[in-house]
Structure formats: C-alpha cells, structure tokens
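# Results of the structural survey
Each chain, letter by letter, is given below.
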Amino acid sequence: MQVRLNERQQQVLWATVRHYIATAEPVGSKALAEEYNLKVSAATIRNIMGALEQGGLLYQPHTSAGRVPSDSGYRIYVDNLMTPANDLSRRVEQLLSDRINPTSISLEAVLRGAAQILATLSGYITLITLPQTLTATIRWLQLVRVETSRVMLIVVTDNYETRSALMELGDTADTEESRIERELEVLTNFLNHQLRGRSLTELANLDWQQLDREFQRHGDTLRTLLQDLLQRSQPVGSNQILISGLSEVLQQPEFSQLQQVQTILHLLEDEQDQLWPLICEWSVTTDAAPITLPSQQRVRILIGSENPLEPMRMCTLVSSTYQRGSVPIGSVGVLGPTRMPYEKVIPLVEATADYLSDALGQPA
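What counts and how
Residues numbered from 1 in each chain as written. Predicted model: local features only at pLDDT ≥ 70, side-chain atom pairs only at ≥ 80, totals over all residues. Heavy atoms only, no water. Helix = DSSP H or I, 4+ residues; strand = E, 2+ residues; numbered from the N terminus. Buried < 20%, exposed > 50% of the residue type's maximum accessible area, 1.4 Å probe, protein only. Contact = heavy atoms within 4.5 Å. Areas by Shrake-Rupley, 256 points an atom, 1.4 Å probe, with all protein chains shown as cover. Core = buried A, V, L, I, M, F, W, Y, C linked by side-chain atoms within 4.5 Å. Polar contact = N/O pair within 3.5 Å; in protein donor to acceptor, adjacent residues only side chain to side chain. Pairing = 2+ DSSP bridges. Axes fitted to C-alpha atoms, helices over the stretch in contact; angles between N-to-C directions. Parallel < 35°, antiparallel > 145°, perpendicular 65-115°, else oblique. Left-handed = near helix turned anticlockwise from the far one by under 90°. Salt bridge = Lys/Arg side-chain N within 4 Å of Asp/Glu carboxyl O. Expected span 1.5 Å × (residues − 1). Patch = residues over 30% accessible without salt bridge, like charges linked within 9 Å, V, L, I, M, F, W, Y side chains within 5 Å.

### Side note on the overall build of the protein chain
Within the protein chain one finds twelve helices and ten strands. Counting over 364 residues, the protein chain shows a buried share of 47%. Of all intrachain contacts in the protein chain linking residues separated by at least 6 positions in sequence, the fraction that spans at least 24 positions is 63%. For the protein chain, the accessible surface area stands at approximately 18,300 Å², while carbon and sulfur atoms represent 46% of it.

Next up, the structure:
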C-alpha cells in the first residue's frame, strides 16, 4: 500500500527515524520539538505522529511509551527521505586499498579482509560470497559424435576446465554419415563464433535465427543441451558466504536476548543455503537467463518483514554485487537490526563492492 505524506509529515517521520536510530529509545513529540527544527509545537508534532501511526508508519511498543518506526516507516525513509553519506565511499575505498593488496594475497584473503573492514566500519554482520565460477569464459567448444545418434558437447573454459554434456540426434538412419559430420562441424563453428570469450552464464543466450534453415532442426536440442550443461556446471560448495562482525552486532540492544542471537547464529552457520538466494538475487537461475542488474537495484535493501526468512524479520539486509567486467560474480552484504544508520551503511556496502570489482579487474 502506497502512503502519501505531506511535507510536514515527511519531516516528522524523518526526525523520528533519525532519533530512534541514534537512541534506540521510543520517540516522543517533546524530544522532536526540542532537538529538531521542525518549526511546529510539540502538540502539533504529537498529532502528526498519531496520523503516521494510523498510516502504519509508526507504532507504540507500550501504551505510555513514545513511538518507534515500523518496517513501512523505514521503507519510506530509505526510499524517499534519507540522504546517503556518499563522502564515505571515497574514504572506505581508500582504506581498503591501503590495507589490502590484492596482487600479493589470495582472492579469499582479499574477501576476508574486506569483510572484516566493512564489519568494523558498519558495526554489523558482514556477508561476502565467494566468486561464482560460472563466470569463467569459454575458450573453445566442439560437438563430437560418440555413438550413432548421440553427440557430446565439450566446453573448455579460459582456466582450462572442461565441461561436457550429451545430446540425442534423433533418428539418423536415413542420413548420410558425411552429412552428419558436416552438420556437426558447422554447428561447432556456429557455437564457437557465438560463445567464444563469453561467460558460461550466457550459454543459452544465442541468436538461433543465425543458423541456416537446414540446421534449425537442431536448435531446440542444442538449447536444451546448453541449459543442461549450465545447470550441471554449478560447482559443489561454491555457495560459500564469508561472515565477519558477529562480535560487533552483539553490542546492539536488539540482540541482547540470547534466543535472538542463537536464531541468527543458526541461520548464518547452518542454513546458508537459505540465506544465499537473498544476498545473491542476481545469480543464475535454471532458465539460464542472462544476468542484468538495473541501476535502481545497485544496492538492494530488505527491511524487517520484507525478509522471507523468519530469523531475519527483525533485521535489515543491505547488499550489492561485485563484478568481473560487467558480469556480477559475488555479493557484499551487511546484516543488522532495522534500526541501522542507512545513510552510512548503504555507501559502505556500495564502496566495498566497487573496491572488489576493481581488485578483480587487476592483473595477477
């Protein structure tokens, strides 16, 4: 449900969120009148806060207490009211560059170092995924006939890994051997022309109209074959998430209860397979669609109840991707309470992702 606020309501919501983030205490109208230049009386602020509560943007944790932003209130604040502290981006990237030398240590060490620095700066849990090897580029492909009606597709990547998959040619009893071999040679040339130098994630993104009419009958079979190869190329254990900052987040009042901490720890340690799709929304799906990341999704923010996992309903996840060239290969995320300084955390995550993208682009 879209909520429309007038300028004064926006100012009061902005001030309420800022005050609650800073204090972790329910906010009253008197505090806002004294600490923010809202140019209205405490009584007027109280009425506005009441209207915001009716709109579902604030709530009272206790009858006699002040008000606290709801998930919907945070969402409007993040989308429309806050101003990111973009000056942090340059400072963070400089700090990462000063402390980490990607050319002298392993990639995993670079990622762990970045995770530790981001956790320290944000004060929350940092999640960085290991790069996905499906971004390896294709060096060479060939279709090889292994049986009368079966053909193997062999793919060699730029790091000299080999992948293969089998396809059925169908009924070839009435087809000359020389014609079959010629067709396989033409199809091999077509695949190499289309896919050489491209990532494995683009296997199924071919312009099949470029095939000559006589070879179109192989199009659907090849499409299925390439998608099957792509799905089976996902390496076991690649969905690993590097985690840092558990000690930092335990200092937050939202995690003062042991049960809350245990729930989060269980998710991070034992259920990463559930967490993975949230932080890596861009990752390859079974239809092998090409990866795109619209600019407005440069940083993705899931607030409270927007998180599909129950243990995260009291948290916000801020994430962005790091890339090799133009292809996303991993994600950087910060997980903390919904009461986080979004102006600070968002540029921290974005700057860390940019740094890792630049580091991966440097020659070894």
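On we go.
### Re the nonpolar core
Ranked by internal contacts, the top residues of the largest apolar core, which has 78 residues, are L13, L32, L127, Y342 and L356. Among the elements that take part in this core, helix α12 (residues 342-360) stands out by supplying eleven residues, more than any other. Here L13 is in contact with L5, L52, L57, L58, G73, I76 and L81, once residues within four sequence places are set aside. Ranked by size, the runner-up nonpolar core spans 13 residues in total, among them M167, L187, L191 and L195.

### Quick look at the side chain of Q252
For Q252, the position within the fold is in the loop between α9 (246-249) and α10 (258-270). A polar atom in the side chain of Q252 sits 3.1 Å from the side chain of R339. Residues in contact with Q252, not counting those within four places in the same chain, are G123, Y124, P337 and R339.

### Remarks on the sheet that holds strand β6 (residues 162-168)
Across the sheet, which stays open at both edges, the three strands sit in the order β4-β5-β6 with antiparallel pairing between neighbours. In this open sheet, the two edge strands, each paired with only one partner strand, are β4 (138-147) and β6. Across this sheet, the average inter-strand angle for adjacent strands is 20°, counted without regard to direction. In terms of strand pairing, β4 meets strand β5 (residues 150-157) through eight bridges, oriented antiparallel. Bridge pairing in β5 places E147 opposite R150.

### Examining the packing of helix α5 (residues 87-99) against helix α6 (residues 107-122)
It is at 11 Å that the axes of α5 and α6 come closest, and there the two elements cross at 140°. Our classification of the angle between α5 and α6 gives oblique. Crossing angle aside, the handedness with which α5 passes α6 is right-handed. Taken together, the residues of α6 that come into contact with α5 (itself represented by V92, L95, L96 and R99) are A114, I117 and L121.

### Considering unusual backbone geometry
Glycine aside, residues mostly have negative phi angles, and peptide bonds mostly take the trans form. Look at A24: it is not a glycine, yet its phi comes out positive at around 60°. Of note, K39 is a non-glycine position whose phi angle comes to about 60°, a positive value. As for its position among the elements, K39 is in the loop between α2 (29-35) and α3 (42-54).

### With respect to the pattern of salt bridges
Applying the stated criterion to the full structure yields ten salt bridges. Residue R75 pairs with D79 through a salt bridge whose shortest N-O separation is 3.0 Å. In this pair, R75 and D79 are both assigned in helix α4 (residues 71-81), four residues apart and thus about one turn of the helix distant. The partner of E254 in a salt bridge is R339, and the shortest N-O contact between them spans 2.7 Å. One end of the pair, E254, is in the loop between α9 and α10; the other, R339, is in the loop between β10 (327-337) and α12, and 85 residues separate them in sequence.

### Topic: the side chain of N307
Tracing the backbone through its elements, the reader meets N307 in the loop between β8 (299-303) and β9 (315-324). Exposure remark for N307: the relative accessible area of 0% places this residue in the buried category. Within polar-contact distance, the side chain of N307 engages the backbone oxygen of L302 at 3.4 Å. Leaving out residues up to four positions away in the same chain, N307 has contacts with L302, M312, R313, C315 and L317.

### Re α12
The terminal C-alpha atoms of α12 lie 27 Å apart, and with 19 residues this matches the ideal 27 Å at 1.5 Å per residue to within 8%. Across the 19 residues of α12, 15 count as buried, placing the element largely inside the fold.

### Quick word on the sheet that holds strand β3 (residues 125-129)
Taken together, five strands build an open sheet; the order of strands is β7-β3-β10-β9-β8 and the sheet is antiparallel. The open sheet terminates on both sides in strands that have one partner only, identified here as β7 (241-244) and β8. In this sheet, adjacent strand axes meet at a mean angle of 20° when their direction is disregarded. Running over the sheet, α6 touches β3, β7, β9 and β10 and is turned about 155° from β3. Sitting on the sheet, α12 is in contact with β3, β8, β9 and β10, with an inclination near 20° to β9.

### Section: a nonpolar patch on the surface
A cluster of nonpolar side chains, V144, V146 and L166, forms an exposed patch at the surface whose accessible area comes to about 200 Å². For V146, the location among the structural elements is in strand β4.

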